[in-house]
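# Observations on chain architecture
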Amino acid sequence: MGASDCAGRMCDTLKEKFDICDDRALRLTTLVRLLRGEGYEDVFGEHGGERWARHKELLIDRLDETLEDQAGDTIEARWNNLMDDLDCQDRAEKGVYLLPWDEHDAEDWQDPGVTDSRPE
């Protein structure tokens, strides 16, 4: 099963668990993919290392459960709390915090709407 199949299943799970639309769920899985790329190299840490394994479990394998365990009234607030718990912004060159859904107006689905300072 390919990565897009897994991302699609996770989007469906997030939609159901958090009662959100397709685009809102997709921005989370898109951001998880971005966290493994340029400007985010230190977020997951060294491939195969302890930090990498923990982040893979929390952000890829069990994202829905991980977000469910976080406090917050919105899925974005839950994500931002998780980013704080995992110390991700301090390790990233780019933003990891999601803007509130009503402030996200990107035309491109590959732009999840992030910032490097925690939204209120």
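Numbers given for residues are sequential positions, taken from 1 along each chain in its written order. Only residues with pLDDT of at least 70 get local features here, since the model is predicted, and only at 80 or more are side-chain atom pairs given and counted; chain-wide, interface and lining totals rely on the full set of residues. Values reported for side chains reflect all heavy atoms of the structure, with hydrogen atoms and water molecules removed beforehand.

### Section: a negative patch on the surface
Taken together, the side chains of Glu38, Glu41, Asp42 and Glu93 define an acidic patch exposed on the protein surface. For Glu93, the location among the structural elements is in the loop between helix H6 (75-85) and strand E1 (97-98). Note that patches include only residues with greater than 30% relative accessible area and no salt bridge, and the join distances are 9 Å for like charges and 5 Å for nonpolar side chains (Val, Leu, Ile, Met, Phe, Trp, Tyr). What sets the accessible areas is the Shrake-Rupley method with a 1.4 Å probe; for residues, cover comes only from the shown protein chains. Each salt bridge in this description consists of a side-chain nitrogen of Lys or Arg and a carboxyl oxygen of Asp or Glu lying within 4 Å of one another. Residues scored as charged are limited to Lys and Arg (positive) and Asp and Glu (negative), so that His and the chain ends carry no count. Charge positions are represented by NZ for Lys, CZ for Arg, CG for Asp and CD for Glu. Under the scheme used here, helices are H or I runs from DSSP no shorter than 4 residues and strands are E runs no shorter than 2 residues, and both carry numbers assigned from the N terminus.

### Observations concerning unusual backbone geometry
Comment: phi is negative for the bulk of residues other than glycine, and the bulk of peptide bonds are trans. Of note, Asp19 is a non-glycine position whose phi angle comes to about 50 degrees, a positive value. Phi is positive for Asp87, which is not a glycine, with a value near 60 degrees. Among the structural elements, Asp87 can be located in the loop between H6 and E1.

### Overview of the environment of Asp64
Here Asp64 lies in helix H5 (residues 63-68). A simple rule labels every residue: compare its accessible area, found with a 1.4 Å probe on the protein chains alone, to the largest value its type can have, and call it buried under 20%, exposed over 50%, or partly exposed in between. Classification of Asp64 by relative accessible area gives buried; the value is 9%. Sequence separation between Asp64 and Lys17 is 47 residues, and the spatial gap between their C-alpha atoms is 7.6 Å. When checking whether two residues touch, look at their non-hydrogen atoms; a contact exists if any pair is within 4.5 Å. With residues near it in sequence (within four places) discarded, Asp64 still touches Met10, Thr13, Leu14, Lys17 and Phe18.

### With respect to helix H2 (residues 22-34)
Every helix has an expected span of 1.5 Å times one less than the residues it contains. With 13 residues, H2 should cover 18 Å at 1.5 Å per step; its first-to-last C-alpha distance of 18 Å lies within 8% of that length. Taken as a whole, H2 has its buried residues at Arg24, Ala25, Arg27, Leu28, Thr29, Thr30, Leu31 and Val32.

### So, the packing of aromatic side chains
Between rings of Phe, Tyr and Trp, where Trp is taken as its six-membered ring, a pair exists when centres lie within 6.5 Å; planes separated by under 30 degrees are stacked, by over 60 edge-to-face, and by other angles tilted. Taken as a whole and judged by the stated rule, the model has 0 aromatic pairs. By the criterion adopted, a ring carries a charge over it if an Arg CZ or a Lys NZ lies within 6 Å of its centre and within 35 degrees of its normal. Over the ring of Phe44 we find Arg36; its NZ or CZ atom is 5.3 Å from the centre of that ring.

### With respect to the pattern of salt bridges
If you walk through the whole model with that rule in mind, you get 10 salt bridges. Here Asp12 makes a salt bridge to Lys15, at a shortest N to O gap of 3.6 Å. Of this pair, Asp12 and Lys15 are both found in helix H1 (residues 3-18), 3 residues apart, which corresponds to roughly one turn of the helix. Here Lys56 ties to Asp61 by a salt bridge, and the two come within 3.0 Å at their closest N and O atoms. What you see here is one network of salt bridges that share partners, running through Asp12, Lys15 and Asp22.

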